[in-house]
Structure formats: C-alpha cells, structure tokens
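Geometric and topological summary
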Amino acid sequence: SQELEQSPQSLIVQEGKNLTINCTSSKTLYGLYWYKQKYGEGLIFLMMLQKGGEEKSHEKITAKLDEKKQQSSLHITASQPSHAGIYLCGADKVAGGGADGLTFGKGTHLIIQP
Amino acid sequence: GAVVSQHPSWVICKSGTSVKIECRSLDFQATTMFWYRQFPKQSLMLMATSNEGSKATYEQGVEKDKFLINHASLTLSTLTVTSAHPEDSSFYICSARDRWTSDEQFFGPGTRLTVL
C-alpha cells in the first residue's frame, strides 16, 4: 500500500519567515492534495496537483509536484499567524481515483511565533 | 466551494449503545462519500467508501458489522457505530466527491465521539 511521509513533523517559525513542508511517496502519485486542519476540526482544501512538474499558488502558498511524481512540497512565504495549523498531504489510492478515498501523511504541525 | 455538513458535531454515549453520524453534501450530489477516523495527533485513516445505492466498501481491518454505513441518497450517508466501546472514541470525518467534477474531495467538519 502507498505510504506518505511528511517532514518535518512539527515546525515553529517566526512570523514573516518562509517555510517548506515536504511530502514523499513510496509510489507514483496520481493525485496529490494538500489540506490544512485546525486540531479537532475538518479539513480545508488548499491545492491539488496531478502532473509531474506542476506548480500551483494561492495567496502566499505554493505547492509543487516533482517530475517523477513522488514528492511534493508546500511553501509558505512571509508566514502569518493565520497559517498556523496542521498541514496534511493526501493522495489518490489509485490512478484516476475518483471513486477512491485518500491516503494521508501524518501531518505537519505548524506554529507561527509572533 | 461545495459544502459538506456532519451531524452531530460531537456526541457522548455510554458503552454498549449505538451512535449514528450523518454526512450531507449541501449543494452538490455525491455518488461516493468516504468515512475517515482520526485519533488524537494522528492522521486520517480511511475506514470505508460509501456508495449510493449499493454496499459500502470497507478498508482492511475495519469491522463491517460494527461500523454500518448507509448511503440512501445522493446527498446523505450515515455511519452507525454499533455497540460502541471506549476504544471507538475518535474524531470521525466524512468527505464527498461531486459526481460531476470528481477532482476534489470536500470534507465535513467532523464528529467527535466519546464513549464512556
């Protein structure tokens, strides 16, 4: 079965600094999703990547999927307190996985220090 | 964006009782919904796939008779935890894919179950 490794597990960053979270798969990624979760709450969709080399940005968050489609990174520029939370990467279990659930990494707990 | 709701948001029950959790897609139709479980400080684990009009598909290790899933309509799936025990205490989250645009999974806000 596919496993997703996220690093780091936790991250403390001073407000205004940039940061990167990584997600590595043991198998080729067919669809890679990034979500943000406040502890004990639901997931907020950030971005989805499908093609090798794809890069998407929304506000101060940029996500990339490498050419081999086995690693993705999430980069936050000029971090703000509102960015604090748990970031989860998830992947389709199979190719064209519209009918399948997602496999998730263990998450990266991000804390922003004022 | 599309909205998925869950009810209740939290529930406390006695050991041995059954609890039903509802997952609704509010502004789209979902032929497929998913149920996940999340233990404290752990990631989400897929429990089962709920298919409208047919039987649910369970992940390995998930007891079908304990976690009953019904997907009676294109906007509603229910998860019933039967004869709940303290080890079933967890955060249960559902998600749904729009039947017409299945790229994104929309997640509900979750239901926190505590079994005493």
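Residues numbered from 1 in each chain as written. Chains lettered and ligands numbered in written order. Predicted model: local features only at pLDDT ≥ 70, side-chain atom pairs only at ≥ 80, totals over all residues. Heavy atoms only, no water.

What to know about the interface of chain B and chain A
- In this complex, chain B contributes 22 residues to the contact, which on the side of chain A involves 23 residues.
- Across the chain B/chain A interface, buried area totals approximately 1,600 Å², and carbon plus sulfur atoms make up 51% of it.
- The shortest N-O distance in the salt bridge between A:D92 and B:R97 comes to 2.7 Å.
- Contributions of two or more residues to the side of chain B that touches chain A are made by β4 (32–38), β5 (44–51), β9 (90–97) and β10 (105–107) of chain B.
- In terms of residue count, β4(B) provides more of the side of chain B that touches chain A than any other element does, four residues in total. (Contact = heavy atoms within 4.5 Å. Buried area = accessible area lost by both parts, 1.4 Å probe. Salt bridge = Lys/Arg side-chain N within 4 Å of Asp/Glu carboxyl O. Helix = DSSP H or I, 4+ residues; strand = E, 2+ residues; numbered from the N terminus.)

Some details on the sheet that holds strand β7 (residues 67–73) of chain B
Residues and elements named next belong to chain B.
- The antiparallel open sheet is built from four strands, whose spatial order is β1-β3-β8-β7. Only two strands of the sheet have a single partner each, and these edge strands are β1 (4–7) and β7. Each strand of the sheet is rotated relative to its neighbour by a mean of 15°, with strand direction disregarded.
- Examined bridge by bridge, β7 and strand β8 (residues 76–81) share five bridges and lie antiparallel to one another. Looking across to β8, one finds that L68 is bridged to T80. (Pairing = 2+ DSSP bridges. Axes fitted to C-alpha atoms, helices over the stretch in contact; angles between N-to-C directions.)

Thoughts on the nonpolar core
- Formed by 26 residues in total, the largest nonpolar core has its most connected members in B:F67 and B:L113.
- Elements that contribute at least two residues to this core include exactly β2 (10–13), β3 (19–25), β4, β5, β7, β8, β9 and β11 (111–115) of chain B.
- Ignoring any residue separated from it by four or fewer positions in sequence, one finds B:L113 in contact with B:V11, B:C13, B:V19, B:V81, B:D88, B:S89, B:S90 and B:Y92.
- Among the nonpolar cores identified, the runner-up in size contains 23 residues, and A:L74, A:Y87, A:C89 and A:I112 belong to it. (Core = buried A, V, L, I, M, F, W, Y, C linked by side-chain atoms within 4.5 Å. Buried < 20%, exposed > 50% of the residue type's maximum accessible area, 1.4 Å probe, protein only.)

Observations regarding the layout of surface pockets
- In this structure, the largest pocket encloses a volume near 980 Å³.
- Of the residues contributing to the lining of the largest pocket, the split by class is ten nonpolar, 14 polar and nine charged. (1 Å grid on protein atoms, 1.4 Å probe; cavity = no way out; pocket = protein on both sides within 12 Å on 5 of 7 lines; lining within 4 Å. Points joined across faces, edges and corners; volume = space filled by probe spheres on them. Nonpolar A, V, L, I, M, F, W, Y, C, P; charged D, E, K, R; others polar.)

Structural notes on the packing of aromatic side chains
- Applying the stated criterion across every chain yields a total of nine aromatic pairs over all chains.
- Where A:Y35 meets B:F107, the ring centres are 4.9 Å apart and the plane angle is 80°; that geometry is what we call edge-to-face. Of the two residues, A:Y35 is situated in strand β4 (residues 32–37) and B:F107 in strand β10; the pairing between them involves two chains. Of the two residues, A:Y35 and B:F107, neither departs from the other in class, the shared state being buried.
- Chaining the aromatic ring pairs together yields one cluster made of A:Y33, A:Y35, A:F45, A:F104, B:Y36 and B:F107. (Phe/Tyr/Trp six-rings, centres within 6.5 Å; stacked < 30°, edge-to-face > 60°.)

Let's talk about empty space enclosed by the protein
- Within the structure shown, the criterion is met by one cavity of 30 Å³ or more.
- Forming the walls of the largest cavity are A:Y39, B:Q38, B:F39, B:P40, B:K41, B:F91 and B:R112.
- Class assignment for the residues of the lining of the largest cavity results in four nonpolar, one polar and two charged.

Quick word on the sheet that holds strand β1 (residues 4–7) of chain A
All names here are of chain A.
- The strand order across the open sheet built from five strands is β1-β3-β8-β7-β6, with neighbouring strands paired in antiparallel fashion. The outermost strands of the open sheet, each flanked by one partner alone, are β1 and β6 (55–58). Looking at each pair of strands side by side, their axes are set apart by 15° on average, direction ignored.
- Here four bridges tie β1 to strand β3 (residues 19–25), and the two strands are oriented antiparallel to one another. Following the sheet pairing, E5 is matched in β3 by T24.

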